[in-house]
Amino acid sequence: MRKTITGTGGMLLLQTLKDAGVEYLFTNPGSAETGIFAALAEAEEHRLVVGKHEGLVAAMADGYHRISGKVGVVIAHVMGGSYQLAGQLFNAQHAGSALVVIAGDWASELQDFRGLAPHPGLSQAESMRPLTKDARAAYTVVADPKAIPVATARALREASTPPTGPVYLSISASLLNREGLEAEIGEGAGYRIEPPPAARPQTIETIARRLGAAQCPVLMFGDDVWRGGAAAEAVRLAELLHAPVFPSRQVFVNFPNRHPLYCGMYPVSKDFEKTTGLKPDLLFLVGCQGVHGAVTEPSVMQIGPNPVLMGRHYPLDLAAQCDVKTTLQAVIEALTRLHGAETVSGWSKRREKVAAYAKTLIEREEKLAREHEGDAVIHPAVLEAHLADVLPRETVMVQESSTARTALLPFGHGGMTWTRSGGGSLGFGVGAAIGAKIAVGRERPVVLHLGDGALGYSAMGFWTMARYKTAMLIVVSNNESYQIVRHNWANQMPDSKMVRDGKYPGLTLGSPMVDYVGLARAQGVEGEAVTKTKELETALRRGLERVTKENRPYLLDISVAREGVGADATWDQDWEV
């Protein structure tokens, strides 16, 4: 069905978004988008979510998309405002998040330069291109009103079609404001494209034969397993083969991290080979963008809907662009059909020590928590153990702390939902948790776990939490330092004077200390500081109760011990103006 609509350019845009099923618009309002907000004031058919920084807004849309599966739509601002999105669009691009960013454009042939607009010779859409899907999904609508619904549907289609990612749409501000425009749109906006089907039968048989013949196949499940709803199939495949699972970098937990076959991060450790007596001879990547680092297994197979990074720096013996869920179902069927019951039962006997190795990883973490439960300063492993004990299984956790410990928390299929930044640009967590809470509503608790360093990038988000009552438990692991940077420096230059003397310039975040509880309270979010281990469990339960029963966000500023090389280092340059 198609219909003709009339009105301002802003009305044409909002009607197209409505017909596409868009419910929320995430924004930091700007003057070049007057036509959009004027149309919104008349119709009120979209819910506006306001943030006080464009980076926050992009992270909100990203978190909303990741948990809801729907495209996150951002109403941004002209060039100056759009550039504020950069860090979080970078994250969205790496994570493959389906976002559409729409901004007004002051481009004019009669004017060389206008504040916040691109300088002469530059285009707004072209300037944003490096931060979009495949560095190509940036579009401009200049004069023709009929192009507004076309370009909007195109942007939605581009963002949501594998390989997914952010799309930028620049629309002339004068066109958004102009009245009496007319355009034709299709109901539903027609932007959904059917994904690739299962791999061909010959490919599936080859995969099944090679997996069955391997002495120790290693499985790696990437984010398209989560996006494709294939987590149950991933578990079934691993259990059928009794094969170890080693994830690489990911933004979701695509295989349950407390499963008996979950063996820690890739690459395969020497401890694994020593404990199990098995040497991996085949790596099967499912729904992964690629491997973070080197690949050492002699044979590699990879499947998934996104071929962009397949085999870019390692050879592939088999590769297929295909739907993950239906392909895994077919591989599981082929394995049992081709190899027979006796062979299948032999896999578990041959690899019985895999589960024993996986168990040692959990026991090691549990032992660490017990050893530090009496410490004066809260150890991260103790915080981890308490979170695992207190948080319900339906929790959604957004994490922005590279050093927070998570081995004891049951994430993935059958457990909690977990997501983190894709590209590592700080400032993701607060906005993403707001978007995640909007996606799940009051049905599920949301926990934001982030470091004090990350919070410094996005603390104005407390205002948005309070305004829309996006009730969540905010856990700040406060170690007064950029701990991950210190770890990286020590690994990269272990023999430097900096590391020997414990002098890490710029990494101490105290002196003066930031009152995060006061910072949150100033924006309408209550909280408390936790400095002693004996206070921890009570504080976590109190905070969770405020979130789940009183429907309001609550912050816990938890003082945690620093870990690793240079943990005692507090030196910084001592100078004043």
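This structure is a prediction, so every number in the text was calculated from the model and none was measured. (Residues numbered from 1 in each chain as written. Predicted model: local features only at pLDDT ≥ 70, side-chain atom pairs only at ≥ 80, totals over all residues. Heavy atoms only, no water.)

### Let's talk about the overall build of the protein
Reasoning step 1: If you tally the helices and strands in the protein, you get 22 helices and 18 strands.
Reasoning step 2: At 25 Å, the protein has a C-alpha radius of gyration in line with the 25 Å of a compact globule built from 577 residues.
Reasoning step 3: Oriented by its inertia axes, the alpha-carbon framework of the protein measures out at about 75 × 65 × 50 Å. (Helix = DSSP H or I, 4+ residues; strand = E, 2+ residues; numbered from the N terminus. Rg over C-alpha atoms; globule rule 2.2 N^0.38 Å.)

### Some words on the pattern of salt bridges
A side chain with one charge may pair with a side chain of the opposite charge, provided their charged atoms come close.
Reasoning step 1: One pass over the full model with this rule turns up 25 salt bridges.
Reasoning step 2: The shortest N-O distance in the salt bridge between Asp-19 and Lys-3 comes to 3.6 Å. In this pair, Asp-19 is assigned in helix α1 (residues 9–19) and Lys-3 in strand β1 (residues 2–7), connecting sequence segments 16 residues apart.
Reasoning step 3: Overall, the relative accessible area of 15% leaves Asp-19 in the buried class.
Reasoning step 4: Between Arg-136 and Glu-158 there is a salt bridge; the shortest N-O distance is 3.1 Å. On the criterion of sequence distance, the pair formed by Arg-136 in the loop between α6 (124–128) and β6 (138–141) and Glu-158 in helix α7 (residues 147–160) is long-range, its members being 22 residues apart.
Reasoning step 5: Under the relative-accessibility criterion, Glu-158 is labelled buried at 14%. (Salt bridge = Lys/Arg side-chain N within 4 Å of Asp/Glu carboxyl O. Buried < 20%, exposed > 50% of the residue type's maximum accessible area, 1.4 Å probe, protein only.)

### Some points on the packing of aromatic side chains
Reasoning step 1: Here the structure, examined in full by the defined rule, presents eight aromatic pairs.
Reasoning step 2: Aromatic pair Tyr-24 and Tyr-64: ring centres 5.5 Å apart, planes at 65°, arrangement edge-to-face. Of this pair, Tyr-24 sits in strand β2 (residues 24–27) while Tyr-64 sits in helix α3 (residues 54–68), and the two are 40 residues apart along the sequence. The pair Tyr-24 / Tyr-64 is uniform in exposure class, with both members buried.
Reasoning step 3: Aromatic pair Phe-411 and Trp-418: ring centres 6.2 Å apart, planes at 40°, arrangement tilted.
Reasoning step 4: On the basis of relative accessible area, Trp-418 is assigned to the buried category, the value being 8%.
Reasoning step 5: Counting every residue linked through ring pairs, the aromatic cluster contains Tyr-24, Phe-26 and Tyr-64.
Reasoning step 6: In this arrangement the basic side chain of Arg-154 is found over the ring face of Tyr-139, its NZ or CZ atom lying 5.2 Å from the centre. (Phe/Tyr/Trp six-rings, centres within 6.5 Å; stacked < 30°, edge-to-face > 60°. Lys NZ or Arg CZ within 6 Å of the ring centre and 35° of its normal.)

### Topic: the sheet that holds strand β14 (residues 417–420)
Reasoning step 1: In space, the six strands of this open sheet follow the order β14-β13-β15-β16-β18-β17, with parallel pairing throughout. If you trace the sheet from one side to the other, it starts and ends with β14 and β17 (526–530), each paired once. Sheet twist, expressed as the average angle between the axes of neighbouring strands with direction ignored, equals 15°.
Reasoning step 2: Pairing analysis gives six bridges linking strand β16 (residues 473–478) to strand β18 (residues 554–559), with the strands arranged parallel. Looking at β18, one finds that Val-476 is bridged to Asp-557.
Reasoning step 3: Strand contacts of helix α15 (residues 380–390): β15 (446–451), β16 and β18, with the helix running at about 165° to β16, the strand carrying the most contacts. (Pairing = 2+ DSSP bridges. Axes fitted to C-alpha atoms, helices over the stretch in contact; angles between N-to-C directions. Contact = heavy atoms within 4.5 Å.)

### Some remarks on unusual backbone geometry
Reasoning step 1: In the segment running from Pro-162 into Pro-163, the intervening peptide bond is cis, with an omega of -5°.
Reasoning step 2: Position of Pro-163 among the secondary structure elements: in the loop between α7 and β7 (167–172).
Reasoning step 3: Each neighbour pair has its own omega, and for Tyr-266 with Pro-267 the value is 5°, a cis peptide bond.
Reasoning step 4: Even without being glycine, His-242 reaches a positive phi, approximately 50°.
Reasoning step 5: Note that His-242 resides in the loop between α11 (231–241) and α12 (270–276).

### As for the pairing of β6
Working note: regular strand, side chains alternate between the two faces of the sheet.
Reasoning step 1: Taken together, the four bridges between β6 and β7 define a ladder with parallel strand orientation. Counterpart to Ala-138 in the pairing with β7 is Tyr-168.
Reasoning step 2: Remark: the β6/α7/β7 crossover connection has right-handed handedness. (Right-handed = clockwise from strand over helix to strand, strands pointing away.)

### Remarks on the pairing of β17
Reasoning step 1: When β17 meets β18, the two strands line up parallel, connected through five bridges. By the bridge assignment, Val-530 is partnered in β18 with Ile-558.
Reasoning step 2: The parallel pair β17 and β18 is bridged by helix α22 (residues 533–550), and the resulting crossover is right-handed.

### Quick word on helix α14 (residues 353–371)
Reasoning step 1: Relative to the 27 Å expected for 19 residues at 1.5 Å per residue, α14 spans 27 Å between its end C-alpha atoms, a close match to the ideal helical length.
Reasoning step 2: Every buried residue belonging to α14 is among Val-354, Tyr-357, Ala-358, Leu-361, Ile-362, Glu-365, Leu-368 and Ala-369, and all of these are buried. On an axial view of α14, the arc spanned by its buried residues comes to 140°, and they lie on one face. Opposite the buried face of α14, at more than 90 degrees from it, the exposed residues are Lys-359 and Arg-370.
Reasoning step 3: Against α12 and α15 lie the buried residues of α14. (Expected span 1.5 Å × (residues − 1). Arc of directions from axis to C-beta.)

### Some details on helix α2 (residues 34–43)
Reasoning step 1: Among the residues of α2, those classed as buried are Gly-35, Ile-36, Phe-37, Ala-39 and Leu-40.
Reasoning step 2: Immediately downstream of α2, the backbone of Glu-44 shows phi near 50°, a positive value.

### Let's talk about the sheet that holds strand β10 (residues 282–286)
Reasoning step 1: Read across the open sheet, the four strands follow the order β9-β10-β11-β12; overall the sheet is parallel. The open sheet has two edge strands with one neighbour each: β9 (217–221) and β12 (318–321). With direction set aside, neighbouring strand axes in the sheet form an average angle of 10°.
Reasoning step 2: Sheet topology note: the β10/strand β11 (residues 300–304) ladder contains four bridges and is parallel. When the sheet's bridge partners are listed, Leu-283 is paired in β11 with Val-300.
Reasoning step 3: Contacting β9, β10, β11 and β12, helix α9 (residues 201–213) runs over the sheet at an angle of about 140° to β12.
Reasoning step 4: Sheet strands in contact with α11 are β9 and β10, and its direction is about 170° off that of β9.

### Considerations on the side chain of Asn-254
Reasoning step 1: Structurally, Asn-254 is set in the loop between α11 and α12.
Reasoning step 2: Residue class for Asn-254 comes out buried when judged on its relative accessible area of 0%.
Reasoning step 3: Side chain to side chain, Asn-254 and Asp-223 meet in a polar contact 3.2 Å long. (Polar contact = N/O pair within 3.5 Å; in protein donor to acceptor, adjacent residues only side chain to side chain.)

### What about the environment of Tyr-266?
Reasoning step 1: Within the secondary structure, Tyr-266 sits in the loop between α11 and α12.
Reasoning step 2: The exposure class assigned to Tyr-266 is buried, which follows from its relative accessible area of 6%.
Reasoning step 3: Sequence separation between Tyr-266 and Ala-294 is 28 residues, and the spatial gap between their C-alpha atoms is 9.6 Å.
Reasoning step 4: If we ignore the near neighbours within four places in the chain, the residues touching Tyr-266 are Met-220, Phe-246, Pro-247, Leu-283, Val-291, Ala-294, Val-295, Thr-296 and Glu-297.
Reasoning step 5: Side chain to side chain, Tyr-266 and Glu-297 meet in a polar contact 2.4 Å long.

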